[in-house]
Amino acid sequence: MEAKIVFTGPPNAGKTTAIGALSDVAPIMTDVDNNDGSLSKDTTTVGFDYGVVRIDGAEQVRLYGTPGQKRFDFMWQILVRDAIGVVILIDNSQPDAMSHLDEFLISLEGYLRDVACVIGVGRTETHPMPSIDAFAARLAFHGHVFPVIDVDVRRRGDVLMLVELLLTQAEARLMLERP
Amino acid sequence: MSTMRLQPVGLTEADVTRLEVFLRFIGKRARWQWVLVRDGAADLLICAAGARRSVPSDPASEVAVLSGPGQPPQHALDRDIALPSNLDLETFQELLTKVEARMAIAAASTVAAPSPPMPVVQAVPQRSAIATLEGRFRLIRWPGAELLRSHPKAVRLLGFIAREAISMDRLETLSGLDRAACTEIVQQLLRRDLLAWHATASAPPSMRLASKQAPATEGARSRTTAPGELSAGLLTRLRMKLGFS
Amino acid sequence: MTGGSEWQRAVQAVAVELHARLERPLAVIVATQDGLEVGAAGDKRLAPGRLAAITSSMSAIGDVVSKESGLGHVRCLTVEAELGYLVMRATRRDGIGLVVAALVGRGALLGLAMHAVADAARGLDR
């Protein structure tokens, strides 16, 4: 397990915002002009977003945000490897929000056995369906027991809750693996 | 790992060979192993452009249709997946991903309720499980944000029972919470049907034997952490830095 | 994206020309900065769409590393591997950021490959 936390999810789900809410330094971004007409954004991440939580001295935890489009799924896998955990952010205002979750769970399946995971569903105040219950049921179908909560990543408290849920899982794993 | 069957229909031998080569590279997926079959039942049929009509519609199979040179694919059903005639590895990989996602969605829609990750060993009336709290408990679904926010201490306990079935005694030790707090949280989870209950207070003999047989290196892994690797201490310091209890 | 079919044909022509010019060519990809394939030549089994996404990521990360370390803007990004080289260069055409990438076999002269990719990038630049 390395000292990193990864934020992933489809485009516009709030990954960069979430990292910005936590990072002790201005996040480094690899945003470029967006040429994909299906995305209502001027820019898009093609490498990764990078932030840092400084603990003390030289100790730090790195924060990574992945690109959101499926064509960059190799970056999801590279970054998630050996992380403390991964936050999958879903934008519930997208018509295919549930299939986005499927996409990430399938793509990261080999890694989710070893890293903590939490699903944060955004924009539920204006777009309550699919419900949090429905997302939880879909997780169960995939064979996973991860927390699913509704969040607004513009609120630091919500982002902190996501991270605490990751830490809880990671700590439990370390304690249960002790001989 | 389950097996998924892919059957070519009306394809040339060259196209079939290409599929075989693709499957050698990417047939082994995260959840399924794809194999090519020549007949019998199949999960995915890949049809040549003119062969679609020869395939009876079968809701259990997905159908992909290759276009003819310079022609759009002649698919009979809206559900069919159109493929370019010069199918490349990337498109083939996307096809498998799409079919796997459809299979996952179709299976989820027939599931009445989430299945617990481990079977309940013995059914016990809810009331006696709540009353005695004997046996071991495992989380089958995390509670929602409302309970998490109203019971911040519950979060630490949940991490353990999300990974394995744990008795109340052990849960008290692991979580650092007193018995009363553990009891209240577990009872809340039971009332919400979020826990699977296991009658035995300790792990079955087969599981104990498996843990004894674990290779010696398993223990060594937890003794020291290499530079850059994570330790429980770092997680604790991160917890404190972020202001968690 | 402003590139219509004529625009893409022009980019594709540059990809084909670069491929023809290289020694031991394996593939040439021209991708948008955000990883969409707009031109490709060579072995299609190498999945040009996927290479387009990968090279765009590498280009963006290379740019960040270079700026963070005070080296300025990246001119050329090169990967030396056991069986060959990947040479990449960024450019712009009609306001659209592009990445020109060439994969060549080990027997090729790296310097010539870099020169050819630079020429192709300059040819696209307008």
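Above this text sits the structure in question.
Residues numbered from 1 in each chain as written. Chains lettered and ligands numbered in written order. Predicted model: local features only at pLDDT ≥ 70, side-chain atom pairs only at ≥ 80, totals over all residues. Heavy atoms only, no water.

Please clarify how the sheet that holds strand E4 (residues 84–93) of chain C should be interpreted in this entry.
Strands pair in a sheet through their backbones, by hydrogen bonds, and they do so in one of two ways: parallel or antiparallel. Residues and elements named next belong to chain C. Spatial strand order, E2-E1-E5-E4-E3: five strands in an open sheet with antiparallel pairing. With one partner strand each, in any of the chains shown, strand E2 (37–42) and strand E3 (77–81) form the two edges of the open sheet. Pairwise comparison of adjacent strand axes, ignoring direction, gives a mean angle of 15° for this sheet. Direction of pairing for strand E1 (residues 25–32) relative to strand E5 (residues 96–105): antiparallel, over a ladder of seven bridges. Looking at the pairing, valine 30 lines up with valine 100 of E5. Strand contacts of helix H1 (residues 5–21): E1, E2, E4 and E5, with the helix running at about 30° to E2, the strand carrying the most contacts. (Pairing = 2+ DSSP bridges. Helix = DSSP H or I, 4+ residues; strand = E, 2+ residues; numbered from the N terminus. Axes fitted to C-alpha atoms, helices over the stretch in contact; angles between N-to-C directions. Contact = heavy atoms within 4.5 Å.)

So what exactly am I meant to see when it comes to the packing of aromatic side chains here?
Within a pair of aromatic rings, the relevant descriptors are the distance that separates the centres and the angle that separates the planes. Residues and elements named next belong to chain A. Inspection of the entire model under this criterion finds five aromatic pairs over all chains. Consider the rings of tryptophan 76 and phenylalanine 104, whose centres lie 4.0 Å apart with planes at 25°: the pair is stacked. With tryptophan 76 in helix H2 (residues 73–80) and phenylalanine 104 in helix H3 (residues 97–107), this pair connects stretches of sequence that are 28 residues apart. Comparing tryptophan 76 with phenylalanine 104 shows no difference in burial state: the two are buried. (Phe/Tyr/Trp six-rings, centres within 6.5 Å; stacked < 30°, edge-to-face > 60°. Buried < 20%, exposed > 50% of the residue type's maximum accessible area, 1.4 Å probe, protein only.)

Before we go on, may I ask you to explain H3(A) in this structure?
An α-helix turns once per 3.6 residues; consequently, residues spaced three or four apart project the same way. Along H3(A), nine of the eleven residues are buried, which leaves the element largely enclosed by surrounding structure. Along H3(A), the residues classified as buried are A:Ala97, A:Met98, A:His100, A:Leu101, A:Asp102, A:Phe104, A:Leu105, A:Ile106 and A:Ser107.

Sorry if this is basic, but what is going on with the interface of chain B and chain A here?
Frequently, the measure chosen for interface size is the accessible area removed from exposure when the parts meet. Of the residues lining the interface, 44 residues belong to chain B; the matching set on chain A comes to 47 residues. Of the roughly 4400 Å² buried between chain B and chain A on both sides combined, carbon and sulfur atoms contribute 68%. Our count for the chain B to chain A interface comes out at seven salt bridges. Among the salt bridges present, the one from B:Arg239 reaches A:Glu164, with a minimum N-O distance of 3.2 Å. Between chain B and chain A we count seven residue pairs in polar contact (both at pLDDT 80 or more) in total. Secondary structure elements with two or more residues in the side of chain B that touches chain A: helix H2 (89–109), helix H4 (145–150), helix H5 (154–163), helix H6 (168–175), helix H9 (216–223) and helix H10 (232–241) of chain B. (Buried area = accessible area lost by both parts, 1.4 Å probe. Salt bridge = Lys/Arg side-chain N within 4 Å of Asp/Glu carboxyl O. Polar contact = N/O pair within 3.5 Å; in protein donor to acceptor, adjacent residues only side chain to side chain.)

It is not clear to me how the pairing of strand E1 (residues 2–9) of chain B should be interpreted in this structure. Could you clarify?
One face of the sheet, then the other: side chains in a regular strand alternate in exactly this way. Bridge count between E1(B) and strand E2 (residues 32–36) of chain B: five bridges; the pairing is parallel. Paired with B:Ser2 across the bridge in E2(B) is B:Trp32.

What am I meant to see in the sheet that holds strand E4 (residues 49–56) of chain A here?
Residues and elements named next belong to chain A. Strand order in the open sheet formed by six strands is E4-E5-E1-E6-E7-E8, and the pairing between neighbours is mixed. Each of the sheet's edge strands pairs with one partner strand only, and the pair in question is E4 and strand E8 (148–151). With strand direction ignored, the average angle separating the axes of adjacent strands in the sheet is 20°. For E4 and strand E5 (residues 59–65), the ladder comprises seven bridges, and the chain directions are antiparallel. By the bridge assignment, valine 52 is partnered in E5 with arginine 62. In this fold helix H1 (residues 15–22) packs onto strand E1 (4–8), E4, E5 and strand E6 (85–91), with an angle of close to 20° to the strand it touches most, E4. Across the sheet, H2 is in contact with E1, E5 and E6; its angle to E1 comes to roughly 155°.

Honestly, the nonpolar core in this entry has me stumped. Any pointers?
Nonpolar side chains tend toward joint burial in soluble globular proteins. Residues A:Ile5, A:Phe7, A:Leu89, B:Leu139, B:Ile161 and B:Leu238 are the most contacted members of the largest nonpolar core, which totals 63 residues. With twelve residues, the single largest contributor to this core is helix H6 (residues 156–177) of chain A. Among the nonpolar cores identified, the runner-up in size contains 35 residues, and A:Trp76, A:Ala83, A:Phe104 and C:Ala53 belong to it. (Core = buried A, V, L, I, M, F, W, Y, C linked by side-chain atoms within 4.5 Å.)

Explain the interface of chain A and chain C here, please?
With 17 residues of chain A at the contact, the number on the chain C side is 18 residues. Carbon and sulfur atoms supply 60% of the area buried between chain A and chain C, which totals about 1400 Å² over both sides. Three residues, A:Asn35, A:Arg71 and A:Phe74, lead the burial of chain A against chain C; their summed loss comes to 42% of the area buried on that side. One can count three salt bridges joining chain A with chain C.

Would you mind going over the packing of H6(B) against helix H7 (residues 179–191) of chain B with me for this structure?
For any two helices packed against each other, one specifies the crossing angle of their axes together with the interaxial distance. Residues and elements named next belong to chain B. Where H6 contacts H7, the two axes come as close as 10 Å, and the packing angle between them is 115°. Here H6 lies roughly perpendicular to H7, going by the angle between them. Crossing hand, H6 versus H7: right-handed. The segment H6 lies against H7, with Met168, Asp169, Leu171, Glu172 and Ser175 engaging Arg179, Cys182, Thr183 and Val186. (Parallel < 35°, antiparallel > 145°, perpendicular 65-115°, else oblique. Left-handed = near helix turned anticlockwise from the far one by under 90°.)

Which parts of the structure should I look at to understand unusual backbone geometry?
What is expected of a backbone is that most residues other than glycine have negative phi and most peptide bonds are trans. Cis peptide bonds are those with omega within 30 degrees of zero, and the linkage from A:Met129 to A:Pro130 qualifies with 0°. In this structure, A:Arg123 takes a positive phi of about 65° despite not being glycine. Inspection of the secondary structure puts A:Arg123 in the loop between strand E7 (116–122) and helix H5 (132–141). By relative accessible area, which is 36% here, A:Arg123 ends up partly exposed. Positive phi, normally seen in glycine, also occurs at C:Ala47, with a value near 55°. By secondary structure assignment, the location of C:Ala47 is in the loop between E2 and helix H2 (48–68). Relative accessible area serves as the criterion here: at 8%, C:Ala47 is assigned to the buried category.

Hey, could you run me through the environment of A:Ala18 in this one?
Residues and elements named next belong to chain A. Mapped onto the elements of the fold, alanine 18 is located in helix H1. The class of alanine 18 is buried, set by a relative accessible area of 0%. Between the alpha carbons of alanine 18 and leucine 63 there is a distance of 9.7 Å; along the sequence they are 45 residues apart.

Looking at this structure, how should I read the pattern of salt bridges?
Pairs can form between side chains of opposite charge whenever their charged atoms are close. Residue and element names in this part refer to chain B. One pass over the structure, following the stated rule, counts 30 salt bridges over all chains. Across the pair aspartate 43 and arginine 5 runs a salt bridge whose closest N-O atoms are separated by 3.3 Å. Of this pair, aspartate 43 sits in the loop between E2 and strand E3 (44–47) while arginine 5 is found in strand E1, placing the two residues 38 residues apart along the sequence. Under the relative-accessibility criterion, aspartate 43 is labelled buried at 12%.

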